[in-house]
Structures are given as structure tokens and as C-alpha cells.
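Here is what each chain is made of, one letter per residue.
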Amino acid sequence: MPPLSNPPQPLAALLRSSARRRDRTACRKLHAHLLKSGLHQRPPFPSALLDAYAKAALLSDARYLFDESSHRDAVLYSALLSALSHSDRPSQALSLFRRMVSVDAVPPDGFIFATLVKTCSRIGSLRLGKQAHAQFLLSSFFTDDVVRSSLVDMYSKCCAVDDARKVFDTVPDKNHVCWTAMVSGYASNGRKSEALELFWQMPRRDLFAWTALISGFLQSGDSFDAVKLFVEMRRSEVEIDDSFVLSTVVGASSDLAALELGRQLHGLVLALGYKSSMILGNALVDMYAKCSDIRSARAVFEGLVMRDVISWTTMVVGEAQHGRAIGALDLYDKMLLAGVKPNEVTFTGLIYACSHAGLVQKGCELFDSMEQDHGIRPSLQHYTCLLDLLSRSGHLTEAENVINSMPYVPDEASWGALLSACKKQADTPMSVRMADRLLGLKPKDPSTYILLSNTYAAAGKWDNVASVRKLMAEMDVKREPGYSWIDLGKESCLFRAGEVPYTMRHEIIRLLNELANEMNKRGYVPDTRSVMHDVEENEKEQQLFMHSERLAVAFGLLKSIPGTTIRVIKNLRICVDCHNVLKFISEITGREIVVRDANRFHHFEVGKCSCGDFW
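What you see is a predicted model, and the numbers here were worked out from it, not measured in a lab.

Undergrad: Residues and numbers for the UniProt feature "repeat: PPR" (unreviewed entry) in the chain, please.
TA: Mapped onto the present numbering, the UniProt feature "repeat: PPR" (unreviewed entry) falls on residues 73-107, 175-209, 308-342 and 343-378. Span residues 73-107 is 69% helix and 0% strand, its end C-alpha atoms 9 Å apart. Secondary structure within residues 308-342 divides into 74% helix and 0% strand; the distance between the first and last C-alpha atoms comes to 10 Å.

Have a look at this one:
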């Protein structure tokens, strides 16, 4: 660092440089020098120093500097308001704004109004956003187009798209940011046709505009069209000089569980020279893990030059969901040794890993360490994971004690986790008791009603089954039909239970019959407990025979290259019988079969599953 005996202008430049580099030590040294030289109250140093502290993530220092200042003007308020708005506690900016107006009587300018509106956007408060809008209209800055662009963005992010459009239409000279904010607003709120119509009206469609449209489609759950737009953008020869759009479309391939697409995008990332991008690396790790290729996910992770908490956590969660609890725990130890502080999601993944591996003591230790060692207060989701950990391993009484004593009101997921475990442990009295509590919540998730119906049916409480079905009808709850999807790159197919494509019916049924004969020789006995219909045993077995995941695996065996891994996506939890069948098929055919169901990944290989039959 150069000597600090510099005139004011170079000192101001040094402050700006330290702020850009987020150099905490340099900021504090410069502050000390300004105090010694008596320049600390001389403009532009108060606001420049405050801004430097804020950008260096030294908000407490910035706040102290602000409170100690003898003259708090609009410039100083602007610096701190902006810092708080971008911090992890943006609501504090609103408190500061009230102090600015009521205590120091400093009138807000255009920059402050824009910051205020962005803060309302960040905290997702439409009510406060409208109040800010009203104050803006009453001010002398009511024609400020920067503030109006911020209002378009705020209304869009608060799901008030029509209000956003009203503001958009009042801007006479719309800049590129304003156009893009409105396009993003339509896209992210599912207004697809309006987003596209406005997009094609834009005076300039650069990478920034394409990224806003594509990420908006992804946010609204339209991953398929997000990918189609990216392909169209590539055909338009838009230069990709920023990696964000790539991370967005890699995220879309994760949502679609489209492994081949993900691999092609990985190749594009390398070809465009973004191999060292940590954000893209994190997205690729997540994509491979969600697309059932945990080995490639780990390879990308190991190749990352820099890793942040998101990198480590993504890999920990990936290992956990693939039933590799030891790998997840080992990564956590390495993460701590690397000096990376875990976050809430890290512990969700770790406790989940322990839950699905029966590591009760380790999971409880991790739960306790959240607050004791890392200062993280467990959320309702963490307590639900703890409930699952205890109940899944048969500690039902302890789990019930937790749900009755935790500092949160148990929700549908909490009671559902406990009920599922009671049902699996065949504790009928407790199952019925938990079902009664869960039914009292009038759940929203269709799968919860199926769980309730099956629980009462297993207990022989047919009146309760009728009540559940009546409630489903009253609340218009539709049962999600089960399906399995298999993608072989050039060919893919979606299967529903009992439905086989006409062109493949003969081959698939013949192969399943051949496999069934071989399984019978090896000791297979159908487990019909998951068939809750009052029909004959042979009909129950026939229903199991035509489950969607078996049809998808048979299709994969017939169509894929011999020796390759068969990957199937199932929208519901795999039943016990299909789980047993796929273990047999993996042993008979010598193929690895990976099934992603609603809960986790199952890797079937040589007659065994990665879950250890503990799911």
C-alpha cells in the first residue's frame, strides 16, 4: 500500500480502490490516517469512508461512523441506505429512512427514493412499496425515470405485474433497464405471451435482455421454454460475455433432469472459457447431482479453483440425496478445515444424510452443533429433519416428544414425516393418532391425503377413509398421477402405470415376463401391501407388474446401449415391491439402474441399492 502522506484527492481514490477490493485492513488504515490528519469530517471523506466500510462488509463500522458524524446530510444517508439495502438485513434501511425524514429532516432525493423502492422489492413488501411510490409522486422528483424503473421492478417482484405495466407506460423515454425490468416481470410471473410480445418490441435485445427473459421463464417454472429461448439466442449470435445466462440455463436442465442437455451445456461452458467461474461450477455440480450423475458432480466440484459455502453445500446435499452419507459427512469435515462457515442448508443436507443412513447419534450431534458451535438457530425445516431422523430409525416416542416441544407450530410436513415413519414401523395406534392430528390441519398436498387414506385403510378404519376422500372432493384436491420418465439422449419416453406405448407393448411385456420368471427362480415374492384396492391377490400382483418405473426400465434395457447406466425419473415415492424388483433386475442384467423418486436417488447395482433398503 502506498504511503499515507497523500493529499485529499489521492486519498479519496485510495478509499474507492479499497472499497472495490473489499480490503478491510486498507479501509481501517485509511480511516486512522484521516483521523490523525483531521480530514475525517471533510467532504468527500465521510460518505466515501462509509461506502468503503459498507462494501467491505463492515456494516457495524459504517453504522458507527454514521452515528458519530456531526453532519448527516443526504449524501451520507444515501451511502448507508444503499449499504443496508444490499445487506442481509435490508429492512434496517426502512428504519433509517424514517429517522432521516423525522429526526434529521433530510428530504429524500431521486437516489434515495430508488434505494427505498429497491429495499421494498428485496423484502417483498407490496404495501411498503406502494407507500414509497406515493411519497415519490408527492415529491419534486416524481418524473425521475430511474425511480420509475425501480418501481417497475418492485411491482413485478411483488407479483403486481399490472401495476408494473401502469408505471412502465408512464415513462416517456424508457431506458434499457426499464424495458428489461418489465420483460422480466411478465416472464417471472408466468405471463409468457406478454413477455415475448414486449421482448420483441425492445429497441435493443442484448445479452442482458435475453438473460432477463430466460431467467424469468425459469423462475415461473417454465424450464422447457427457457431452454428453447437459449437455443434461439444462440442462433441470433448474441455474444455471451457474461456467465450468468449460462448458469441460468444449466439450472433449467437441472429442473428438467435432462442429463444430455446438461453435458452439452458443460461443453459450451468450457468452449467459451468459463471453466474457472465459481458460479457456473456450482450450477454444474447441482445439475449433475440432480440429473443422477453424482460422480460427474463430484468431479466438477473437485475441479473448482475457488469454493464458497454454496459450492460445499451443493455437494454435501448431492451426496446426501444419493445415499452417500459418509461422503457428505467427510465433505463437511473438509469444509470446516477449509475455513468455510456452514449455513442453514448445509445442516439440512447433513441431517437428511444421517436420517437416510440410520446415523441417529451423529444426526443429533449435528443438530445440537448448529446453535452451540455455529450460532445458527434451527428452523422448522431442521426440526422436521430431526423428526424424520428419529422416527425413521424407530425412535417414535422421542420423535413425538420433539414435535410436542419444538419452538414452532408443527406443519403438514412435520406431521407427515412422523406419520410416514409410524406407518413404516407398523405402529398402528400411533399411526392413527398422528393421522388424526394431520387431518385436523386440512392439508393442501395431495400426497398427504393418499398417506392418510392408506394409513386408515391399513388400520381397517374405512369410515375414516371415506371421510378423507370426501374432504378431498370438497377441497378439490386432485391426486397426482404417477409417472416415470426415461431419457436416452436421442430418445425419451414417459410411462404411466398400466399404460404401454402400442409400438413397444409386445417387446416390453415380453421382457418383463422373462425377468419375472428369472426373479421367481431367485426367490422373488411380490409385496402387495402398497396396493390398497380391495381386489384379489393375483390382480394386485398384476397392478404391481405394470408400475411405471418397471415399464421405463424395460424400455431402457431394450433401447439403450448395452452396459450404460439406465436413469429413470419418478414423480412419486417408489413402492417397496418395485424397489425389490429393480434390485433383482440390476443383478440379472448386470446394469446399473438409477431412479430418482420424490424423496431421493436409488442406485441399483449387482442386486443392492445405495439406500441400503433404508428409505
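Still more to cover.
Undergrad: Hey, could you go over the nonpolar core for me, with residue numbers and the actual values?
TA: Counting 152 residues, the largest nonpolar core has Phe 230, Met 233 and Leu 246 as its most contacted members. Excluding its chain neighbours within four sequence positions, the residues that come into contact with Leu 246 are Phe 230, Ile 240, Leu 268, Val 269, Leu 272, Tyr 274 and Leu 280. The next biggest cluster of nonpolar side chains, apart from the first, holds 37 residues, and it includes Leu 511, Phe 545, Cys 578 and Ile 593.

Undergrad: So, the layout of surface pockets: which residues are in play, and what are the values?
TA: Within this model, the second largest pocket holds a volume of roughly 520 Å³. Every residue lining the second largest pocket is counted, 20 residues in all, and those nearest its centre are Asp 153, Lys 157, Ala 181, Ser 184 and Phe 208. Breaking the lining of the second largest pocket down by element, the ones donating at least two residues are helix H9 (145-157), helix H11 (176-188) and helix H13 (207-219). Split into classes, the residues belonging to the lining of the second largest pocket amount to six nonpolar, eleven polar and three charged.

Undergrad: Let's hear about the packing of aromatic side chains: which residues, and what values?
TA: Centre distance and the angle of the planes are the two values used to describe a pair of aromatic rings. Applying the stated criterion across every chain yields a total of twelve aromatic pairs. Each ring, one from Tyr 332 and one from Phe 347, has its centre 5.9 Å from the other, and the planes form 65°; the classification is edge-to-face. Taken together, the residues span a long stretch of sequence, with Tyr 332 in helix H20 (residues 325-337) and Phe 347 in helix H21 (residues 344-355) at a distance of 15 residues. A centroid spacing of 5.0 Å and a plane angle of 75° characterise the contact between Phe 367 and Tyr 383, whose relative ring orientation is edge-to-face. Remark: Tyr 383 occurs in helix H23 (residues 380-392) and Phe 367 occurs in helix H22 (residues 360-374); sequence separation between them is 16 residues. A relative accessible area of 15% means that Tyr 383 is categorised as buried. An aromatic cluster is present here, built from Phe 199, Trp 200 and Trp 210 joined pairwise through their rings. Sitting above the plane of the Phe 168 ring, Lys 174 keeps its charged end 5.0 Å from the centroid. For Arg 307, the ring lying beneath its charged end belongs to Trp 312, and the centroid distance is 5.3 Å.

Undergrad: An account of the confidence of the model for the chain is needed here, citing residue identities and associated values.
TA: Detailed reading of predicted coordinates is not advised where the pLDDT is low. Here the chain shows a mean pLDDT of 89. Residues at 70 or above account for 93%. Confidence scores differ between elements of the chain, with helix H1 (residues 8-21) showing the lowest mean pLDDT of 66 and helix H12 (residues 192-201) the highest of 97. Counted against residues more than four places away or in other chains, residues 1-7, with its pLDDT under 50, gives twelve contacts.

Undergrad: How would you explain the pattern of salt bridges if you had to name every residue and give the values?
TA: Inspection of every chain in the model, using the stated rule, returns 30 salt bridges. Notably, a salt bridge pairs Arg 433 with Glu 400, separated by 2.9 Å at the nearest N-O pair. With Arg 433 in helix H26 (residues 428-439) and Glu 400 in helix H24 (residues 396-405), this residue pair connects regions lying 33 residues apart in the sequence. Judged by relative accessible area, Glu 400 falls into the buried class, the value being 17%. Residues joined in a network through salt bridges with shared partners are Arg 298, Glu 302, Arg 307, Glu 319 and Arg 324.

Thresholds, definitions, all that
- Note that residues are indexed from 1 along each chain, following the sequence as it is written.
- Local features in this predicted model are restricted to residues of pLDDT 70 or higher, and side-chain atom pairs are both shown and tallied only at a pLDDT of 80 or more, whereas totals for entire chains, interfaces and linings draw on every residue.
- Water and hydrogen atoms were dropped before computing side-chain values, which therefore reflect all heavy atoms in the structure.
- UniProt positions are given in the numbering used here, feature names are shortened, and annotations may be inferred rather than shown by experiment.
- Elements are defined by DSSP. Helices are runs of H or I of four residues or more, strands are runs of E of two residues or more, and each kind is numbered from the N terminus.
- What we call a nonpolar core is a set of buried Ala, Val, Leu, Ile, Met, Phe, Trp, Tyr and Cys residues that are connected through their side-chain atoms within 4.5 Å.
- Residue exposure (1.4 Å probe, protein chains only): buried if accessible area is under 20% of the type maximum, exposed if over 50%, otherwise partly exposed.
- Contacts: residue pairs with any heavy atoms within 4.5 Å of one another.
- In this analysis a 1.4 Å probe is tested at points of a 1 Å grid over the protein atoms alone, and where it fits but cannot get out there is a cavity; an open set with protein on both sides within 12 Å along at least five of seven lines is a pocket; lining residues have an atom within 4 Å of a point.
- Grid points are joined across faces, edges and corners, and a volume is the space filled by probe spheres set on the points.
- The nonpolar class holds Ala, Val, Leu, Ile, Met, Phe, Trp, Tyr, Cys and Pro. Asp, Glu, Lys and Arg form the charged class, and all remaining residues, Gly among them, are polar.
- Stacked, edge-to-face and tilted labels apply to pairs of Phe, Tyr and Trp rings (six-membered ring for Trp) whose centres lie within 6.5 Å, assigned for plane angles under 30 degrees, over 60, and everything in between, in that order.
- Criterion for a charge above a ring: Lys NZ or Arg CZ within 6 Å of the ring centre, and within 35 degrees of the ring normal.
- Residue-level confidence of the predictor is summarised by pLDDT, bounded by 0 at the bottom and 100 at the top.
- Criterion for a salt bridge: a side-chain nitrogen of Lys or Arg within 4 Å of a carboxyl oxygen of Asp or Glu.

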